[in-house]
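Report on the structure
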Amino acid sequence: MKKLLLALMMAAGAAHAEDVLHVYNWNNYIAPETVKRFEADCKCKVVQDYYGAMEEMLAKLSAGAKGYDVIVPTGFAIPPLVKQNLVLPLDKAKLGNAKNVNPAFLNSQFDKGNQYSLPYAFTTTLLGYNETKLKELGIDAGSWAVIFDPAILAKIKGKVTVLDDSRELFAAALMYNGFSANSTNPEEWKKAAETIKKAKPFWAAFNTQSYIKELTVGNIWVAHGYSNDMFQAQQDAKAAKRKFNLNYTLQKEGNTLSVDSMMVLKNAPRPDLAHRFINFMLDGKNSSELTNMIGSGNPNNAAAAFVKPEIKAISAVFPNADAQKKLQQLNALEGKQLRELNKLWTQVKTAR
């Protein structure tokens, strides 16, 4: 009898252990209350693991990492995942809520027909700024000129930071000069590099790590960075009751867009739970909770009804149709093109 009881307990434990969904994602990229609701809904446990960069995630999966069900890669990481046969085609019959996705975010160059991925959230790369200071100086943050035009920069010298990211900074410089953010034309790259070199003496730093804090405390007045980071900086400044206002806006020349999508790994232990999770996250209310928490852009039309009105009014979070036309997703660079960009980046970073 004891043996039978022990066997039953072990079987129950094994069954319970199997009801776990493993998600590999950016940190702080699912609202805790959403996770709890899904766990209650599916009577399972969600275990999350995190990466800090697409390169890290791709390297880990390419090396044979197993045990994950759902991943949330940025657009340019999708083709290599498909090419390496690391992901499953989505079973659309199990994803009724896919109808909620804004068509403008479907059928991208990275996954035609969305065979393998469905959009989850997005960020834009733009300028956050001390609205109080810039108004005093008569500077309009609606153009990339704020970080590239020496005549404007002379008024805010030492109060500007830009991302320590070659793709993002070159994309901004290319758009400022009227070129595509994805240009690989050597002459256009050269012009972008010259633009950066001329502006560099006026910048305080290349900063990807601490610009939220620097903006919040007033040490810098203009920061090149990500929309959800600027949302956080603005909230932090309000909470600290700073004597200045922080704001952020898209630029008239265009901005880069990073769309993160949900995918199911080919070796997923629980592809059934993975599809259930993706469909759950495409529900409007569930999707809205990430936007309300971190100010992420939302590609889900059904989410709008549940987003806080003050966030819905932010054009960088909910760009209108005209603004969407000027948003560009960055392509992956490989081989000769990547080597050339790295060479220019070294020249830019070492220029005096």
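Structure first, text after, so check above.
In what follows, the accompanying structure is described. None of the values given here were measured: they were computed from a predicted structure. (Residues numbered from 1 in each chain as written. Predicted model: local features only at pLDDT ≥ 70, side-chain atom pairs only at ≥ 80, totals over all residues. Heavy atoms only, no water.)

Re the nonpolar core
Counting 49 residues, the largest nonpolar core has L21, M57, L61, L81 and Y120 as the members making the most contacts within it. The element best represented in this core is helix α12 (residues 271-281), accounting for six residues. Apart from the residues lying within four places of it in its own chain, the contact partners of L61 are Y24, Y68, I71, L81, L86 and L265. Listed in part, the 36 residues of the second largest apolar core include I139, V160, A171 and L333. (Core = buried A, V, L, I, M, F, W, Y, C linked by side-chain atoms within 4.5 Å. Buried < 20%, exposed > 50% of the residue type's maximum accessible area, 1.4 Å probe, protein only. Helix = DSSP H or I, 4+ residues; strand = E, 2+ residues; numbered from the N terminus. Contact = heavy atoms within 4.5 Å.)

Some remarks on the side chain of N177
By secondary structure assignment, the location of N177 is in the loop between α8 (166-176) and α9 (186-199). A polar contact is formed between the side chain of N177 and the backbone oxygen of A173, at a distance of 2.9 Å. A polar contact of 3.0 Å, which involves the side chain of N177, links it to the side chain of T195. (Polar contact = N/O pair within 3.5 Å; in protein donor to acceptor, adjacent residues only side chain to side chain.)

Looking at helix α13 (residues 284-294)
Counting buried positions over the eleven residues of α13 gives nine, a clear majority of the element. Capping of α13 at its N-terminal end is provided by D283; its side-chain oxygen lies 3.1 Å from the backbone amide nitrogen of K285. Of the residues trailing α13, G295 is marked for its positive phi of about 75°.

Topic: the packing of aromatic side chains
This structure, assessed with the given rule, holds eleven aromatic pairs. On the basis of an interplanar angle of 10° and a centroid distance of 4.3 Å, the ring pair of Y24 and Y68 is categorised as stacked. One end of the pair, Y24, is in strand β1 (residues 20-26); the other, Y68, is in the loop between α3 (54-62) and β3 (70-71), and 44 residues separate them in sequence. Taking relative accessible area as the criterion, Y68 reaches 9% and is therefore assigned buried. Note on F148 and Y176: the rings are 5.5 Å apart at their centroids and 35° apart in plane angle, and the pair reads as tilted. Linking F148 in helix α6 (residues 145-148) with Y176 in helix α8, this pair joins segments that are 28 residues apart in sequence. You can call F148 buried: its relative accessible area is 2%. What makes Y176 partly exposed here is its relative accessible area of 25%. (Phe/Tyr/Trp six-rings, centres within 6.5 Å; stacked < 30°, edge-to-face > 60°.)

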